[in-house]
Amino acid sequence: MTELPARRLLLVHAHPDDESINNGATMARYAAEGARVTLVTCTLGERGEVIPPGLGHLTGAALGEHRLRELAAAMRELGVEDFRQLGGPGRYQDSGMMGLADNDDPGCFWQADVDEAAARLLEVIREVRPQVLVTYDENGGYGHPDHIQAHRVAMRAAELAAEAGIGIAKVYWNRVPRSVAEDAFARLERELPGLPFTKAAVIEDVPGVVADERVTAEIDGTAHAAAKAAAMRAHATQITVADPYFLLSNELAQPLFTTEYYELVRGERAASGSRETDLFAGVEEMSGIEETS
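Residues numbered from 1 in each chain as written. Predicted model: local features only at pLDDT ≥ 70, side-chain atom pairs only at ≥ 80, totals over all residues. Heavy atoms only, no water.

1. A closer look at the UniProt feature "binding site: Zn(2+)" (unreviewed entry) in the protein
In the UniProt entry, the feature "binding site: Zn(2+)" (unreviewed entry) is given for His15, Asp18 and His147. In summary, the annotated positions, though distributed over 133 residues, converge in three dimensions, the widest C-alpha pair being only 9.4 Å. Not counting chain neighbours up to four residues away, the residues in contact with histidine 15 comprise Thr41, Thr43, Gly45, Arg67, Asp94, His144, Asp146 and His147. Judged by relative accessible area, which is 7%, aspartate 18 ranks as buried. In contact with aspartate 18, not counting residues within four places along its chain, are His13, Asn23, Tyr136 and His147. (UniProt positions renumbered as here; feature names shortened; annotations may be inferred. Contact = heavy atoms within 4.5 Å. Buried < 20%, exposed > 50% of the residue type's maximum accessible area, 1.4 Å probe, protein only.)

This is the structure we're talking about:
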């Protein structure tokens, strides 16, 4: 049996930058604590909108290559050494926003066969044996086709892993409690008047905002706030960071959350009546699990 770190976390994301925005503090915390943190990114974000005018010439494959370098820089800031592209760099291309002709490109992730892509993710699961898997909900957090497909592939891979006797103890979806989002936007509006946002509209654009009672875990990443902000800055084509907020290409300000939230959708909840403060809570710490034949 191969010796593995006691704690092993796998995150599945659609594009470079999604991981730092959604889970940067969580990743930095667990990496600092000695857990094996593995990130699988499903596309290189070749169709992302580029913010800095000086990089506006980057499109297609050239943009994807640049965003891969940004991802590597972000992972250095978070202390994460194991980051991969599903099927290898460029295997699945960015699908563009929902409803565009880009969605019909046979090479885009939206058109990928879910079972085939999940089998590729299963290869990673076989190697790293994660006890905890983090991904998006069935709407991909906010309806982007690559996010939705990442959800489908991750959940299908978890099923395939279970069929192979590889136990993933807990599966979480990224979340933000509605009250937390509302309070954060109200604070920005109060402390930094004139910021470019309309609170009610922008809250609906924050991925994963749900009723508070659906959130089952919150990870305090305050100690790793600087690492998260630095990782987000590394994704310069996509994010402008002005802590305590950031802007995407729509130029609408969003709060930079250093406590990150999750909903447990598979596995046993360790805390009864209160939110978990550790994604590994209740997980038996084993050096590895033998795959059944």
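There's more to say after this.
2. Describing the environment of leucine 68
By the secondary structure assignment, leucine 68 is in helix H2 (residues 60-78). Since its relative accessible area comes to 22%, leucine 68 is described here as partly exposed. Spatially, the C-alpha atom of leucine 68 lies 9.4 Å from that of histidine 15, the residues being 53 residues apart in sequence. Excluding residues that lie within four positions of it along the chain, leucine 68 makes contacts with Leu44, Gln85 and Pro89. (Helix = DSSP H or I, 4+ residues; strand = E, 2+ residues; numbered from the N terminus.)

3. Points about a nonpolar patch on the surface
Where nonpolar side chains cluster on the molecular surface, the patch consists of Met97, Leu100 and Tyr142 and spans about 280 Å² of accessible area. Residue placement: tyrosine 142 occurs in the loop between strand E4 (132-135) and helix H4 (145-163). (Patch = residues over 30% accessible without salt bridge, like charges linked within 9 Å, V, L, I, M, F, W, Y side chains within 5 Å. Areas by Shrake-Rupley, 256 points an atom, 1.4 Å probe, with all protein chains shown as cover. Salt bridge = Lys/Arg side-chain N within 4 Å of Asp/Glu carboxyl O.)

4. Examining the side chain of histidine 151
With respect to the helices and strands, the residue histidine 151 is situated in helix H4. Residue histidine 151 is classed as buried on the basis of its relative accessible area, which comes to 9%. In this structure the side chain of histidine 151 is engaged in a polar contact, spanning 3.3 Å, whose partner is the backbone oxygen of aspartate 137. Every residue in contact with histidine 151, bar those within four places of it in the chain, is listed here: Thr135, Tyr136, Asp137, Glu138 and Trp173. (Polar contact = N/O pair within 3.5 Å; in protein donor to acceptor, adjacent residues only side chain to side chain.)

5. Let's talk about the pairing of strand E7 (residues 217-220)
With burial as the criterion, only one face of E7 is covered, namely that bearing Ala217 and Ile219; the residues Glu218 and Asp220 on the opposite face remain uncovered. As judged from the four bridges shared by E7 and strand E11 (residues 259-266), these two strands associate in the antiparallel manner. Note on E11: the bridge partner recorded for glutamate 218 is tyrosine 261. (Pairing = 2+ DSSP bridges.)

6. Comments concerning the packing of aromatic side chains
The relative placement of two aromatic rings is captured by the distance of their centres and the angle of their planes. Inspection of every chain in the model, using the stated rule, returns three aromatic pairs. Look at tyrosine 172 and tyrosine 262: their rings are 6.1 Å apart centre to centre, the planes differ by 70°, and that puts the pair in the edge-to-face class. Placement of the pair is tyrosine 172 in strand E5 (residues 170-177) and tyrosine 262 in strand E11, with a sequence separation of 90 residues. Lying across the ring of tyrosine 92, arginine 91 places its NZ or CZ 4.7 Å from the centre. (Phe/Tyr/Trp six-rings, centres within 6.5 Å; stacked < 30°, edge-to-face > 60°. Lys NZ or Arg CZ within 6 Å of the ring centre and 35° of its normal.)

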